[in-house]
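Here are the chains, one letter per residue:
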Amino acid sequence: MTINLILLSLLAYVIGSIPSGLWIGKIFYKKDIREFGSGNLGATNSFRVLGVKAGSVVTVMDILKGTVATMLPFFFQLNVDHHFWLLTGACAIVGHSFPLFAGFRGGKAVATSAGVILAYAPLLFVAALVVFLVTLKLSKYVSLSSMIGALAALIISFFLGDWILIILVACIAIFVIWRHRANITRIRNGEEPKIKWM
């Protein structure tokens, strides 16, 4: 059982390491998105550099990485406690942030983290998504919306009474805010780019 969990965790990390934005940019647009915009591999920079269509595809792919990785114990019919789903999901988040296939320089883990929550607690995902979209509509800042969405997910998770989930979501919220520290500075200075498609 332990060996199986270790192997699934490694597989989850590999799945999380798939650099969606990098590969789509190179294959379809002949661009390395690390050389443009914020230099980040995540969905936000994909929108900025490649456009709405490509950015949307990258977002979906990054979410699915988290969802698929989280459900690996189910797919492989491993008889473990449901909380172990969060273990494989967390490995995918690590993979996205420090990807094996992109020199360990990845994205900010917002979409992949959302995918983990989608697989484990769908209603929490929907609630956090609504907060994200409302904030995005009002502020036009993806970074700010991501941070507020993560904090909203943490607050809402307390009402679910699942302490393992709460701990993971707290770690996600802290990590997302830490990864956006440069964005916070730019927002304060009025230098953060705003979206124009919403």
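Small disclaimer: the values here were computed from a predicted structure and weren't measured. (Residues numbered from 1 in each chain as written. Predicted model: local features only at pLDDT ≥ 70, side-chain atom pairs only at ≥ 80, totals over all residues. Heavy atoms only, no water.)

### With respect to the nonpolar core
With 25 residues, the main nonpolar core has Leu86, Ile117, Tyr120, Leu124, Ala153, Leu165 and Val169 as its most contacted residues. For this core, the element with the highest residue contribution is helix α10 (residues 163–179), accounting for seven residues. Excluding anything up to four places from it in sequence, Leu165 contacts Leu86, Tyr120, Ala121, Leu124 and Leu160. (Core = buried A, V, L, I, M, F, W, Y, C linked by side-chain atoms within 4.5 Å. Buried < 20%, exposed > 50% of the residue type's maximum accessible area, 1.4 Å probe, protein only. Helix = DSSP H or I, 4+ residues; strand = E, 2+ residues; numbered from the N terminus. Contact = heavy atoms within 4.5 Å.)

### Regarding the environment of Ile155
Tracing the chain through its elements places Ile155 in helix α9 (residues 142–157). Spatially, the C-alpha atom of Ile155 lies 9.8 Å from that of Ala128, the residues being 27 residues apart in sequence.

### Description of unusual backbone geometry
Even without a glycine there, the phi angle at Gln77 is positive, about 50°. By secondary structure assignment, the location of Gln77 is in the loop between α5 (72–75) and α6 (84–97). One non-glycine residue, Ala109, lies in the positive phi region at around 75°. Looking at where Ala109 falls in the secondary structure, it is placed in the loop between α6 and α7 (110–120).

### Side note on the environment of Leu100
The residue Leu100 is located in the loop between α6 and α7 in this model. For Leu100, a relative accessible area of 42% corresponds to the partly exposed category. Put simply, Leu100 and Leu22 are 78 residues apart on the chain and 13 Å apart in space, counted from C-alpha to C-alpha. If sequence neighbours within four positions are ignored, Leu100 has contacts with Tyr13 and Ser17.

Don't take any of this as a statement about function, it's just geometry.
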